[in-house]
Amino acid sequence: MPGRGGSVGSRGQSAPLGVVLVLAVMIVSTTAVVALGADAIASTQSQLDTERTNKVLTQLDSQAALVALGQSEVQRVDLSAVGSNRYRVVDGTDGGEIRVEVDGVATPIIEQEMGKVVYEGEGGTRVAYQGGGVWRTNADGQGVMVSPPELHYRNATLTLPLVTVSGDSSLSGQATVTDNGSMQAYPNTTLGRTNPLQSGRVNVVVQSEYYRAWGDYFEERTDGGVAYDHVNEEVTLTLSVPATNPPVAGGIVSGAPGTSMTIKNNAEADSYNSSNGDYSATVAEETRIIAAGDVDVENNAVIKGSLEAGGDVDIANNGEIRGNLSYGGTASGGGYPGGVDGWDEQNASVTSPDSVELLIDNRRVGADDSSENDNDDPSVDIDESTNTLENCGSTCEVTAGTYYLDYMNVPGTLRIDSSGGPVNIVVDGDVTLPNNANIEVVGGNRVNLYVEGDVTYGQNAYNSVTGDEAPNFWVYTNPGASATFNNNAVFVGVLYGPGDGANPGTSATLDNNAHVYGGIVGDVSFISNNYGVHYDEALTNVQSVQNARTIPALTYLHVSVNRVNVTAS
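Novice: Quick rundown of the overall build of the protein? Include the residues and the values.
Specialist: A count of helices and strands for the protein gives four helices and 45 strands. Counting the 569 residues in the protein, one finds 47% classified as buried. Across the protein, contacts joining residues at least 24 apart in sequence account for 62% of those joining residues at least 6 apart. Put simply, the protein shows about 24,700 Å² of open surface, and 46% of that area lies on carbon and sulfur atoms.

Put into structure tokens, the structure is as follows:
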């Protein structure tokens, strides 16, 4: 009996324990449901707050544009906020900045603080009206565009009626938007800023906490060149003005107005046509020397063809022009006019081709990524780990493809075989052929070298092209670069380094007995001491620059600054 009684006692204690456990589970479950519900409610409220703010600032965007662009004198907008949150105007550098730069113009077209109307919601989300657009930064710091800014690119025209904001630091309820003046930045005839743009490029630089979203907009709407500076929270949009690069029309196309060229000491210029045969088979007296500045022809120098000079021409000491003479300044000297076999007229109009600096930059950016070049091709002599040529102490080879080199040094022989297609080589540094080194170009297709640094051919260094076909070998250089051809050096092809306004072009130095078969476009000051310039007439039918446009062209630019005040009503 006692045993059975003990069993009954245990069962009696189990009942209240069960009730306690059930109550505990219910309490925990209820607490979790309440907590989860509260989080869900808070999340929903935050989302609704953000959506409402997006609509409010998009409405502000629309009404501010009416005032900024002169369609209304005043607008009122409801900026009511939830709880203790407020809209506020942030001006100065904290409100973001925008800068528009045009090549050839010393100061920015505009360099302007944009200002913004900002709302900071729950959870760290910020929404702002800035630069004529609405932007949002989420709690993770990523920016997104809610409404696009006043920047439009279409049909080679960039229109930027920038809207800037100033006003009260705190806004609540009704706000008033009023005009605060405007400025026409481009075109502006008073400042000499006119359309169409002639050359170079235009940069639009935005500094803002929403810079990533600005960049997304640039990429989506313009397909322009977009670069990010994450440290300074900046993004840059680059558009280029269509370049003018006509076929090479002479053995030398040189300089800029105000420069000078001296041809003397038995220097000789003639021509040939590689379309019909090599130099020895087609040599002729149909060359052209074209210079934007002054030219002196003296000391038995002979131009077997014509000279066109934008400045003055002086002929002395048996200098001779066997074709025509066209000049823009004066013609004089003891050898004038007897030293001119053809006609001579003051009718020169020399227009220099545009710089290829942007072309070189674009090629470099496109080729320096290993996934975009062919450096890993096992059949070519390029060390992929160092981006340099290898095995060139004897003979190294490069075939059809695109390659990127940190520099090009050829101590022996480099053979470039284009039989399988064009060859494009981007050189981020200098091209150097030491004494007696050489480059052999074979295969019949075009070979292009895009060179960021200088070009040097040592004594007796040379390059050859099958059939002396200058159109099959092009070396592109920057305006501030130099190209030196030392004693007895031979260059077959085109050295193409036009100027950019600040620089007259690649400075080309031609020493004793050096010879060029093809053409030089750059800044040539002296041709002397038995130097030979042999113009390949086949170049008149060949494009100087192939597929140069990798970012959208820009011909017309319209930029204005339109200021509005946003104040509490």
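Novice: Run through the pattern of salt bridges, naming residues and quoting values.
Specialist: Throughout the structure, instances matching the rule amount to 15 salt bridges. Arg 126 is the partner of Glu 209 in a salt bridge, and the nearest nitrogen-oxygen pair spans 2.6 Å. Of this pair, Glu 209 sits in the loop between strand S12 (201-207) and helix H2 (211-222) while Arg 126 sits in strand S6 (residues 126-130); the two residues are 83 residues apart in sequence, bridging distant segments of the chain. Classification of Arg 126 by relative accessible area gives partly exposed; the value is 25%. Of the charged contacts in the structure, one is a salt bridge between Asp 361 and Arg 364, with a shortest N-O distance of 3.6 Å. Here the residue Asp 361 and the residue Arg 364 both occupy positions in helix H4 (residues 357-367), the gap between them amounting to three residues, near one helical turn. Accessibility expressed as a relative area gives 15% for Asp 361, which makes it buried. Three or more residues are tied together by salt bridges with common partners; here these are Arg 201, Asp 361, Arg 364, Asp 428 and Glu 452.

Novice: Any details on the layout of surface pockets? Residues and values, ideally.
Specialist: Size it by volume and the largest pocket reaches roughly 770 Å³. Surrounding the largest pocket, 35 residues form its lining, Asp 103, Gln 198, Ser 199, Gly 200 and Arg 201 being those nearest its centre. If you tally residues by element for the lining of the largest pocket, the top one is H4, at four residues. Looking at the lining of the largest pocket, its residues break down into 15 nonpolar, 13 polar and seven charged.

Novice: I'd love a proper account of the nonpolar core, names of residues and values included.
Specialist: The biggest cluster of nonpolar side chains holds 87 residues, and the ones touching the most others in it are Met 408, Ile 425 and Ile 527. In this structure, Met 408 is in contact with Leu 389, Leu 414, Ile 425, Val 427, Asp 430, Val 431, Thr 432 and Leu 449, ignoring residues within four places of it in sequence.

Novice: I'd like a description of H4, backed by residues and values.
Specialist: For H4, the complete set of buried residues consists of Leu 358, Leu 359, Ile 360, Asp 361 and Ala 367. The secondary structure elements touched by the buried residues of H4 are S12, strand S14 (234-240), strand S30 (401-405), strand S33 (423-427), strand S36 (447-451) and strand S39 (473-477).

Novice: A description of the state of the cysteines should follow, citing residues and the corresponding values.
Specialist: Counted under the stated rule, the structure contains one disulfide. Note that Cys 392 is cross-linked by a disulfide to Cys 396, the S-S spacing being 1.8 Å. Since a negative S-S torsion denotes a left-handed disulfide, the Cys 392-Cys 396 link at about 90° is right-handed. With respect to burial, Cys 392 and Cys 396 carry one shared label: buried.

Novice: Explain unusual backbone geometry to me, using residue names and the numbers behind them.
Specialist: In this structure, the amide linkage connecting Tyr 186 to the following residue, Pro 187, adopts the cis form with an omega of 0°. As for its placement among the helices and strands, Pro 187 is situated in the loop between strand S11 (173-186) and S12. A cis amide bond links Tyr 336 with the next residue in sequence, Pro 337, at an omega value of 5°. Relative to the helices and strands, Pro 337 is located in the loop between strand S25 (331-332) and strand S26 (344-345).

Novice: Tell me about the sheet that holds strand S9 (residues 152-154), and name the residues and values.
Specialist: Here five strands make up an open sheet; going across it, the order is S1-S11-S45-S10-S9 and the pairing mixed. Only two strands of the sheet have a single neighbouring strand rather than two, namely strand S1 (74-79) and S9. Adjacent strand axes in the sheet meet at a mean angle of 25° when their direction is disregarded. Both strand S10 (residues 157-167) and strand S45 (residues 556-568) contribute to a ladder of eleven bridges, which runs parallel. Paired with Thr 157 across the strands is Tyr 556, a residue of S45.

Novice: Mind laying out the sheet that holds strand S4 (residues 110-113), listing which residues take part and the relevant values?
Specialist: Taken together, the five strands give an open sheet; going across it, the order is S4-S3-S12-S14-S13, and neighbouring strands pair in antiparallel fashion. Every other strand in the sheet has two partners, leaving S4 and strand S13 (225-229) as the edge strands with one partner each. Sheet twist, expressed as the mean angle between neighbouring strand axes with direction ignored, is 10°. The strands touched by H2 are S12, S13 and S14; relative to S13, the strand with the most contacts, the crossing angle is about 170°.

Novice: Tell me about the pairing of S36, and please be specific about residues and values.
Specialist: Summarising burial for S36: five of the five residues are buried, a large majority. Alternating residues of S36 divide into Val 447, Leu 449 and Val 451 and Asn 448 and Tyr 450, and every residue in both groups is buried. Relative to S36, S33 is paired through five bridges, and the arrangement is parallel. Bridging from a neighbouring strand, Asn 424 pairs with Asn 448 of S36. As judged from the five bridges shared by S36 and S39, these two strands associate in the parallel manner. Across the sheet, Val 447 pairs through a bridge with Phe 473, a residue of S39.

Novice: I'd love a proper account of the side chain of Asn 373, names of residues and values included.
Specialist: Here Asn 373 lies in the loop between H4 and strand S27 (382-383). Under the relative-accessibility criterion, Asn 373 is labelled buried at 8%. A polar side-chain atom of Asn 373 sits 2.8 Å from the main-chain carbonyl oxygen of Ala 367. In this structure the side chain of Asn 373 is engaged in a polar contact, spanning 3.1 Å, whose partner is the backbone nitrogen of Asn 375.

Novice: An account of empty space enclosed by the protein is requested, with residue identities and associated values reported.
Specialist: Under the criterion given, the structure shown has three cavities of 30 Å³ or more. Approximately 60 Å³ is the volume found for the largest cavity. Val 253, Ser 254, Gly 255, Val 350, Thr 351, Ser 352, Pro 353, Pro 498, Gly 499, Pro 504, Val 521 and Gly 522 are the residues that line the largest cavity. At the level of elements, strand S15 (252-254) and strand S43 (515-527) are the ones that each hand at least two residues to the lining of the largest cavity.

Rules used throughout
Residues numbered from 1 in each chain as written. Predicted model: local features only at pLDDT ≥ 70, side-chain atom pairs only at ≥ 80, totals over all residues. Heavy atoms only, no water. Helix = DSSP H or I, 4+ residues; strand = E, 2+ residues; numbered from the N terminus. Buried < 20%, exposed > 50% of the residue type's maximum accessible area, 1.4 Å probe, protein only. Contact = heavy atoms within 4.5 Å. Areas by Shrake-Rupley, 256 points an atom, 1.4 Å probe, with all protein chains shown as cover. Salt bridge = Lys/Arg side-chain N within 4 Å of Asp/Glu carboxyl O. 1 Å grid on protein atoms, 1.4 Å probe; cavity = no way out; pocket = protein on both sides within 12 Å on 5 of 7 lines; lining within 4 Å. Points joined across faces, edges and corners; volume = space filled by probe spheres on them. Nonpolar A, V, L, I, M, F, W, Y, C, P; charged D, E, K, R; others polar. Core = buried A, V, L, I, M, F, W, Y, C linked by side-chain atoms within 4.5 Å. Disulfide = S-S within 2.5 Å. Pairing = 2+ DSSP bridges. Axes fitted to C-alpha atoms, helices over the stretch in contact; angles between N-to-C directions. Polar contact = N/O pair within 3.5 Å; in protein donor to acceptor, adjacent residues only side chain to side chain.

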